[in-house]
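Fold and contact review
One-letter residues, chain by chain:
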Amino acid sequence: MIRTLGLAAAVALAATGCGPQKSGAGPASPSSPVAGASPAASPSTPDDGKAGASSPAASPSQPSSSPSASASSSSPGVKPIMANGDESEQIRELQARLRQLKLVSTAPTGFYGSKTTAAVKSFQSQHGLGATGSVDEATWQKVQGLTKKPTEDELRPPTTNEVDAPDPRCMQGRVMCISKESRTLAWMIDGKVVSTMDVRFGSENTPTREGEFQVGWKAKEWTSTIYHTSMPYSMFFSEGQAVHYSSDFAARGYAGASHGCVNVRDKAKLSALFDQVKVGDKVVVYW
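Residues numbered from 1 in each chain as written. Predicted model: local features only at pLDDT ≥ 70, side-chain atom pairs only at ≥ 80, totals over all residues. Heavy atoms only, no water.

Let's talk about the overall build of the protein chain
For the protein chain, the count of helices and strands is 8 helices and 9 strands. Residues classed as buried in the protein chain amount to 49% of the 287 residues present. Taking the contacts inside the protein chain whose residues are at least 6 apart along the sequence as the reference set, 63% of them involve residues at least 24 apart. For the protein chain, the accessible surface area stands at approximately 12,200 Å², while carbon and sulfur atoms represent 54% of it. (Helix = DSSP H or I, 4+ residues; strand = E, 2+ residues; numbered from the N terminus. Buried < 20%, exposed > 50% of the residue type's maximum accessible area, 1.4 Å probe, protein only. Contact = heavy atoms within 4.5 Å. Areas by Shrake-Rupley, 256 points an atom, 1.4 Å probe, with all protein chains shown as cover.)

What to know about the sheet that holds strand β1 (residues 174-179)
Adjacent strands of a sheet form backbone hydrogen bonds with each other and so pair up, either parallel or antiparallel. Judged by pairing direction, the sheet is mixed, and its 9 strands sit side by side in the order β4-β9-β1-β2-β3-β8-β7-β6-β5 without closing on themselves. Each of the sheet's edge strands pairs with one partner strand only, and the pair in question is β4 (211-214) and β5 (217-219). Pairs of neighbouring strands in the sheet enclose a mean axial angle of 25°, with direction left out of account. Relative to strand β7 (residues 241-245), strand β6 (residues 234-238) is paired through 3 bridges, and the arrangement is antiparallel. (Pairing = 2+ DSSP bridges. Axes fitted to C-alpha atoms, helices over the stretch in contact; angles between N-to-C directions.)

Structural notes on unusual backbone geometry
Of note, K102 is a non-glycine position whose phi angle comes to about 65°, a positive value. Mapped onto the elements, K102 comes out in the loop between α3 (89-100) and α4 (114-126). In the Ramachandran plot, H228 falls in the positive-phi region, its phi being about 60° despite a non-glycine side chain. Along the chain, the position of H228 falls in the loop between β5 and β6. H228 gets classed as exposed once you look at its relative accessible area, which sits at 61%.

Remarks on the confidence of the model for the protein chain
Confidence in the prediction of the protein chain, expressed as mean pLDDT, is 78, and 72% of residues score 70 or more. Contacts from residues 1-14, a stretch scored under 50 in pLDDT, to residues over four places away or in other chains number 30 contacts. In this model residues 22-78 is a low-confidence stretch, pLDDT under 50, and it forms 108 contacts with partners more than four residues away in sequence or in other chains. (pLDDT = per-residue confidence, 0-100.)

Some words on the environment of W287
Inspection of the secondary structure puts W287 in the segment after β9 (282-286). Linking W287 and E181, residues 106 residues apart in sequence, is a C-alpha distance of 5.3 Å. Among the polar contacts listed, one links the side chain of W287 to the side chain of E210, at a separation of 3.3 Å. (Polar contact = N/O pair within 3.5 Å; in protein donor to acceptor, adjacent residues only side chain to side chain.)

Quick look at the state of the cysteines
Inspection of the entire model under this criterion finds 1 disulfide. Put simply, C170 and C177 are joined by a disulfide, and their sulfur atoms are 2.1 Å apart. Across the disulfide from C170 to C177, rotation about the S-S bond amounts to roughly 85°, and the bridge is consequently right-handed. Judged by its relative accessible area of 0%, C170 falls in the buried class. (Disulfide = S-S within 2.5 Å.)

Below, the structure is given as structure tokens:
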């Protein structure tokens, strides 16, 4: 086992709990602080930590539960509005259709972020619709008319995600730059991308915290002290949350979620990254 803290110190300082969970799993037990954790590592509210993969899924025909959606569906037959900040299975379908139109290149996440907003604006401009960036009934009908119903592989593709534009905080030094929107980790040194990999996050009940952190300690072999699941190549950055390999992610993909950790499914890539990352290196988790 490789770690930067002694075994006794590590056990005393951290209760680690990032095993896989199914949709609807309850919150994890609180973790104890870890030496070296960033002062910015304050817990997020569920609204800050939506991962898309394990939130309760609405069928594509059901209205979104967001306030903007319910406000627009007061009259019969009106499609719900999808807008920046919303999350639903209908948005996942929208993103898959926009990908068919080559307006987005990243895999669908079900979360309506900046890339989806820009793609919708572009579509609306091309087809003489008001370029608001939000989807109203006219926009949704036009998108549906120009695309085919997405397959399951299109909605949840097994292929590697395209890396998002780096957060400005990732442009200096040694950084694990982790985008929740594109679900990617980019290992960057002085603004240059060295390697990339797919990642998965916590569920809505146990979100992965967002912000700027530091790697507090590492363990090549580790077992969650709460869930008793294996966490190889763990790099802890925010109390009990870590970047680590997940066999569950490798097997089930985005059908599951972690209890807050950043899961990686490519063990070989993570092994190489583990050897390069040093305690004190920056970690940025962002939308």
